[in-house]
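Coordinates in review
Read off the chains here:
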Amino acid sequence: MSITVTQLHPLFVGEIGNIDLRQPLDPDTTAALSAAINQHGVLVFHDQPIDDAQQQAFSRNFGELETTVRAYRADFVPRLDIHMADISNLDENNRVLPPNDRRRLNALGNRLWHSDSSFKRVPARFSLLSARTIPNEGGETQFADMRAAWDALPDKMKARVEGMICEHTQLFSRARIGFTDWAPEERAKMAPVPQLLVRTHPGSGRKSLYLSSHAGRIQGMEEPEARMLLLDLNEFATQPQFVYTHTWRVGDLVMWDNRCTMHRAREYDESQVRDMHRTTVSDGKPTVAADRAA
Ligand code: OGA
Ligand code: MN
């Protein structure tokens, strides 16, 4: 039996039915899912009670997995495997992080609109987020369609921004929320990386804005001017007509294409547990052509 695809938003987002993510995929199903993510940018799967090994196996159908950046602080004890991003409010003993915990404050940055790993020279292609435990309200994830935002930009703006190269680092995104508590060895690992501002999405051939909270400079432009342009573009691209809000159920898995969408987390009562596990498929190459050749 083949998968079903139901579009959940006028512009993007497909809900996939008739699949069990715990089972190996046959080539036809892999091809159908690839076509669906290429078209819809975000895929929603309900009722998928998977473990980390099953999530990794499913994710590897779409490319190589990223490993999480964890060597920043010698005293950091990870809760999950190196191929899993820990998107939770828990410590290594599964206890809720206290409000002033540095890991929690850093993770608040996920509530800014972003594209995963845009601070890496080779950024993320797909992210797959599995809901293991959720709070009883709030904690939604929102997605914005960057191909639709590009299509809707005035021609003059399209001509202006095409070819621009931004610089991305987590230092920029965290500074936006006043998080600056980095050790010198951490800062040293966070040098800005170049990313195209406008990309052609390989799976659809459509152009897309490549925005992220990590972007803080544009090459060849004064910083305040670059910041204002990025703020304006972000405001434009996250207007309600471009946004889908996902309200989580335990067992949901949402897969998104970071090349043509942005996302952000929403607030919830952090005395409750929210435990989400993410796998991330690398895009395999830098976005800037000169960088790719180097
Ligand atoms: C992520 C992320 C948002 C959320 O997993 O990359 O940004 O709602 N998550 O937890
Ligand atoms: Mn993210």
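The structure contained in this document is the topic of the report that follows. (Residues numbered from 1 in each chain as written. Chains lettered and ligands numbered in written order. Predicted model: local features only at pLDDT ≥ 70, side-chain atom pairs only at ≥ 80, totals over all residues. Heavy atoms only, no water.)

Overview of the coordination of the manganese ion (ligand 2)
Distances from the manganese ion (ligand 2) to its protein donors, His114 (NE2), Asp116 (OD) and His263 (NE2), fall within 2.1 to 2.2 Å. Read in sequence order, the donor residues for the manganese ion (ligand 2) give the motif H-x1-D-x146-H. Of the two residues, aspartate 116 is situated in the loop between α3 (102-107) and β5 (124-133) and histidine 263 in strand β14 (residues 261-265); the sequence distance between them amounts to 147 residues. Pair check on accessibility: aspartate 116 and histidine 263 agree, each one buried. (Donors = N, O, S within 2.8 Å, 3.2 Å for Na, K, Ca; no water. Helix = DSSP H or I, 4+ residues; strand = E, 2+ residues; numbered from the N terminus. Buried < 20%, exposed > 50% of the residue type's maximum accessible area, 1.4 Å probe, protein only.)

Describing the environment of histidine 46
In this fold, histidine 46 is placed in the loop between β3 (42-45) and α2 (52-59). Taking the C-alpha atoms as reference points, histidine 46 and phenylalanine 119, separated by 73 residues in sequence, lie 30 Å from one another. Every residue in contact with histidine 46, bar those within four places of it in the chain, is listed here: Glu15, His246, Arg249, Gly251 and Asp252. Looking at histidine 46, its side chain comes within polar contact range of the side chain of aspartate 252, at 2.7 Å. (Contact = heavy atoms within 4.5 Å. Polar contact = N/O pair within 3.5 Å; in protein donor to acceptor, adjacent residues only side chain to side chain.)

Here we look at the side chain of glutamate 270
The residue glutamate 270 is located in the loop between β14 and β15 (275-282) in this model. Since its relative accessible area comes to 19%, glutamate 270 is described here as buried. Polar side-chain contacts of glutamate 270 include one of 2.8 Å to the side chain of arginine 104.

Examining the site of ligand 1
Ligand 1 sits among Ile87, Asn110, His114, Asp116, Leu129, Glu140, Thr141, Trp256, His263, Ala265, Arg274 and Arg278. At 3.1 Å, a side-chain N or O of histidine 114 approaches an oxygen atom of ligand 1. Within the side chain of threonine 141, one N or O atom sits 2.5 Å away from an oxygen atom of ligand 1. When its residues are assigned to classes, the shell around ligand 1 shows four nonpolar, four polar and four charged. (Near = heavy atom within 4 Å. Nonpolar A, V, L, I, M, F, W, Y, C, P; charged D, E, K, R; others polar.)

Here's the deal with unusual backbone geometry
You will see that valine 13, though not glycine, has its phi angle at about 75°, which is positive. Even without a glycine there, the phi angle at asparagine 94 is positive, about 65°. Examined against the element boundaries, asparagine 94 turns out to sit in the loop between β4 (85-88) and α3. For asparagine 94, a relative accessible area of 49% puts it in the partly exposed group.

Let's talk about the packing of aromatic side chains
Here the structure, examined in full by the defined rule, presents seven aromatic pairs. Geometrically, the ring pair formed by phenylalanine 45 and phenylalanine 58 is edge-to-face, given 5.8 Å between the ring centres and 80° between the ring planes. With phenylalanine 45 in strand β3 and phenylalanine 58 in helix α2, the pair connects residues that are 13 residues apart, well separated along the chain. The class of phenylalanine 45 is buried, set by a relative accessible area of 0%. Residues phenylalanine 236 and phenylalanine 242 carry aromatic rings whose centres are separated by 6.0 Å and whose planes lie at 45° to one another, so their mutual orientation is tilted. Given the relative accessible area of 22%, phenylalanine 236 is considered partly exposed. (Phe/Tyr/Trp six-rings, centres within 6.5 Å; stacked < 30°, edge-to-face > 60°.)

Considerations on helix α1 (residues 27-40)
Spanning 14 residues, α1 covers 20 Å between terminal C-alpha atoms, matching the ideal 20 Å at 1.5 Å per step. What α1 keeps buried is the set Thr29, Thr30, Leu33, Ala36, Ile37, Asn38 and His40. If you check the start of α1, you find a side-chain oxygen 3.1 Å away from the backbone N of aspartate 28, and it comes from aspartate 26. (Expected span 1.5 Å × (residues − 1).)

Comments concerning the sheet that holds strand β1 (residues 4-7)
Taken in spatial order, the seven strands of this open sheet run β1-β2-β3-β13-β5-β15-β4, and their pairing is mixed. With partners counted over all chains shown, the strands left at the sheet margins are β1 and β4, one partner each. Averaged over all neighbouring strand pairs, the angle between strand axes comes to 25°, with direction disregarded. When strand β2 (residues 14-17) meets β3, the two strands line up parallel, connected through three bridges. When the bridges of β3 are listed, glycine 14 appears paired with leucine 43. The strands that α1 touches are β1, β2, β3, β5 and β13 (253-257); relative to β3, the one it contacts most, it runs at about 125°. (Pairing = 2+ DSSP bridges. Axes fitted to C-alpha atoms, helices over the stretch in contact; angles between N-to-C directions.)

Looking at the nonpolar core
Within soluble globular proteins, side chains that are nonpolar generally end up buried alongside one another. Within the largest apolar cluster, 25 residues are counted, with the highest numbers of intra-cluster contacts made by Val161, Leu197, Leu209, Leu211 and Ile218. When contributions to this core are tallied by element, the ones reaching two or more residues are α4 (146-152), β11 (215-218) and α8 (223-237). The greatest single-element share of this core, amounting to five residues, is contributed by α8. Excluding anything up to four places from it in sequence, isoleucine 218 contacts Met164, Ile165, Cys166, Ala226, Leu229 and Leu230. (Core = buried A, V, L, I, M, F, W, Y, C linked by side-chain atoms within 4.5 Å.)

Concerning the pairing of β5
One face of the sheet, then the other: side chains in a regular strand alternate in exactly this way. A large share of β5 lies buried, amounting to seven of its ten residues. Sheet analysis places β5 next to β15, joined by eight bridges and oriented antiparallel. What sits directly across from leucine 128, in β15, is threonine 279. Strand direction decides the pairing type here: β5 and β13, joined by five bridges, are antiparallel. The residue of β13 that forms the bridge with serine 130 is leucine 253.

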